[in-house]
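Each chain is listed here by its residues.
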Amino acid sequence: MRAKGARPASPRTLWIVGGVILVVIIAVVLGISLSGSSANAATIGVPSETPTLGSSTKTNALGGPMPGAADVAKMLNGIPQKGLVLGDPNAPVQLTEFIDLQCPACQQFETTELETLLKDYVRTNKMSIKMQPWRILDRTSTEFDSLRGQKATIAASMQNKAFNFAQNLYNNQGVEDTGWLTNVAIANIASSVDGLDTRRLVSDANGPATANTIKTIDALGTAGQYSATPTILLAKLGQTPKVVSSGTPDLTTLKGQIDALLAKK
């Protein structure tokens, strides 16, 4: 049975307009191009296209902050990040999240429940969060939104900005299976994260370290036989994580599970 709120393996629409001059500037700075062929569609490059996405619109100028960017910066301000881990790595409880960047259920979790978890547990050094950006919603050989989101988020983690990037992406997530996560979209999301080097993000996203991280995450997901995102695991520090939710968790239940681990000797 499919878990409630889960996205099985296999909303808002983002519409980028204008910014032609900035496209040229970024192309010159990065010196990288993106082929239009399907073979290279998963490669992250310069924003060289202006996509039309879905039936509703969300308008922003290329390179300008995305809607909600200031709130993301405020929510994460002062919380340490290292790689794919948010918070004190020695916190007594660790939450691990397997998420797909184009998953609507993940978007619901990240935009409605994460802030409470940060306030109650991460900022108080009771819990850290380990992100595992996964790819399960690219169902055909010509779909790449999940992979592109995975690659870009892992690349942002190499600058300790993964959670900022992912949260800005979820706040402006496009419609599933529409090819919405273009280079233009990635450029807008990256430009909304203070201190994120976009040129380095492009290079790292297409580099061997990101490819190796993807293999590791895929192997963990396969070994755990996870079939939906978000998949949430909890563990005491140093112990083996256990799945507590498949699909968008109930926040009250999740907090109870965290509190039980914190109380456990």
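It should be noted that the structure appears before, not after, this text.
Definitions and cut-offs
Residues numbered from 1 in each chain as written. Predicted model: local features only at pLDDT ≥ 70, side-chain atom pairs only at ≥ 80, totals over all residues. Heavy atoms only, no water. Helix = DSSP H or I, 4+ residues; strand = E, 2+ residues; numbered from the N terminus. Buried < 20%, exposed > 50% of the residue type's maximum accessible area, 1.4 Å probe, protein only. Areas by Shrake-Rupley, 256 points an atom, 1.4 Å probe, with all protein chains shown as cover. Contact = heavy atoms within 4.5 Å. Polar contact = N/O pair within 3.5 Å; in protein donor to acceptor, adjacent residues only side chain to side chain. Core = buried A, V, L, I, M, F, W, Y, C linked by side-chain atoms within 4.5 Å. Pairing = 2+ DSSP bridges. Axes fitted to C-alpha atoms, helices over the stretch in contact; angles between N-to-C directions.

Let's talk about the overall build of the protein chain
Phase 1 of the analysis: Looking only at helices and strands, one finds 10 helices and eight strands in the protein chain.
Phase 2 of the analysis: Taken across its 265 residues, the protein chain has 49% of its residues classed as buried.
Phase 3 of the analysis: Surface exposure of the protein chain reaches about 11,800 Å², of which carbon and sulfur atoms provide 54%.

Some details on helix α7 (residues 183-191)
Phase 1 of the analysis: In terms of burial, α7 is a largely internal element, eight of the nine residues being buried.
Phase 2 of the analysis: For α7, the secondary structure elements touched by its buried residues are α5 (145-157), α6 (162-171) and α8 (198-205).
Phase 3 of the analysis: Where α7 begins, the side chain of T182 points an oxygen toward the backbone nitrogen of V184, at a separation of 3.3 Å.

Comments concerning the nonpolar core
Here is a general trend for soluble globular proteins: nonpolar side chains tend to be buried in one another's company.
Phase 1 of the analysis: Of all hydrophobic cores here, the largest spans 60 residues; its most connected members are L118, M127, I129 and F165.
Phase 2 of the analysis: Here this core gets six residues from one element, more than from any other, and that element is α6.

Concerning the sheet that holds strand β3 (residues 85-86)
Phase 1 of the analysis: Spatially, the six strands line up as an open sheet ordered β2-β3-β5-β4-β7-β8, and their pairing is mixed. Each having just a single partner strand, β2 (81-82) and β8 (242-246) make up the two edges of the open sheet.
Phase 2 of the analysis: Here two bridges tie β3 to strand β5 (residues 127-134), and the two strands are oriented antiparallel to one another. Paired with L86 across the two strands is I129, which belongs to β5.
Phase 3 of the analysis: Packed onto the sheet, helix α4 (residues 114-122) meets β3, β4 (93-100) and β5 and runs at close to 145 degrees relative to β5.
Phase 4 of the analysis: Where helix α9 (residues 208-223) meets the sheet, it contacts β4 and β5, and its direction lies at approximately 100 degrees from that of β5.

Thoughts on unusual backbone geometry
Phase 1 of the analysis: That bond from T229 to P230 is cis: its omega, -5 degrees, falls within 30 degrees of zero.
Phase 2 of the analysis: The residue P230 is located in the loop between β6 (228-229) and β7 (231-236) in this model.
Phase 3 of the analysis: A positive phi angle is found at Q225, which is not glycine, with a value near 55 degrees.
Phase 4 of the analysis: Tracing the chain through its elements places Q225 in the loop between α9 and β6.
Phase 5 of the analysis: Residue classification places Q225 among the exposed residues on the basis of a relative accessible area of 71%.

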